Amino acid sequence: QVQLVESGGGLVQAGDSLRLSCAASGRTFSTYAMAWFRQAPGKEREFVAGIMWKSNTYYADSVKGRFTISRDNAKNTVFLQMNSLKPDDMAVYYCAARPSTVSSSRRSDYDYWGQGTQVTVSS
């Protein structure tokens with residue numbers, strides 16, 4: 001069982017930056033693929049970024065070049081650095097984990113989810 005707790009959301013202006021954190025419980029964190037998803041009001045939850053256990057990363061086209069996902073296995077934590085935020089980035093951001101060395105952009109592939117953290121971007 002893995003428990004995920006996100007933090008770092010808040011209210012920012014367009015062009016600002018935020019850093020989200022996701023603290024995970026469990027001794028096998030380093031072998032899990034991790035990801036960030038987001039869900040805006042009235043929309044489906046969508047993939048944002050993923051990181052594999054050896055820190056290979058990949059991103060949704062909408063955030064490439066602006067967002068960076070990273071992980072600190074010693075601290076059981078995954079991060080999402082978000083730069084140049086836009087109003088379209090406004091959503092609840094969720095951390096997700098799957099017991100696999102391979103990441104995925106599909107929501108259904110993830111077994112564990114955090115409670116989410118709100119990111120609000122004003123124009």
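Our subject is the structure that appears above.
For the structure given in this document, a descriptive report is provided here. These numbers come from a predicted model, not from an experiment.

## Some points on the pattern of salt bridges
Per the counting criterion, the structure on display carries five salt bridges. Between E46 and R38 there is a salt bridge, with the nearest N and O atoms lying 2.7 Å from each other. In this structure R38 comes out as buried when scored by relative accessible area, which is 6%. Residue R106 is joined to D109 by a salt bridge in which the shortest nitrogen-to-oxygen separation is 3.0 Å. The exposure class of R106 is exposed, given its relative accessible area of 53%.

## Some points on the sheet that holds strand β8 (residues 77–82)
Pairing is antiparallel across the open sheet formed by four strands, whose spatial order is β1-β3-β8-β7. In this open sheet, the two strands that pair with only one neighbour each are β1 (4–7) and β7 (67–72). Neighbouring strand axes in the sheet, compared pairwise and without regard to direction, differ in orientation by 15 degrees on average. Alignment of strand β3 (residues 18–24) against β8, held across six bridges, turns out to be antiparallel. The residue of β8 that forms the bridge with L18 is M82.

## A look at the environment of P41
With respect to the secondary-structure elements, P41 resides in the loop between β4 (33–39) and β5 (46–51). P41 sits 49 residues away from M90 along the chain, and the two C-alpha atoms are 9.2 Å apart.

Procedures and definitions
- Residues numbered from 1 in each chain as written.
- Predicted model: local features only at pLDDT ≥ 70, side-chain atom pairs only at ≥ 80, totals over all residues.
- Heavy atoms only, no water.
- Salt bridge = Lys/Arg side-chain N within 4 Å of Asp/Glu carboxyl O.
- Buried < 20%, exposed > 50% of the residue type's maximum accessible area, 1.4 Å probe, protein only.
- Pairing = 2+ DSSP bridges.
- Helix = DSSP H or I, 4+ residues; strand = E, 2+ residues; numbered from the N terminus.
- Axes fitted to C-alpha atoms, helices over the stretch in contact; angles between N-to-C directions.

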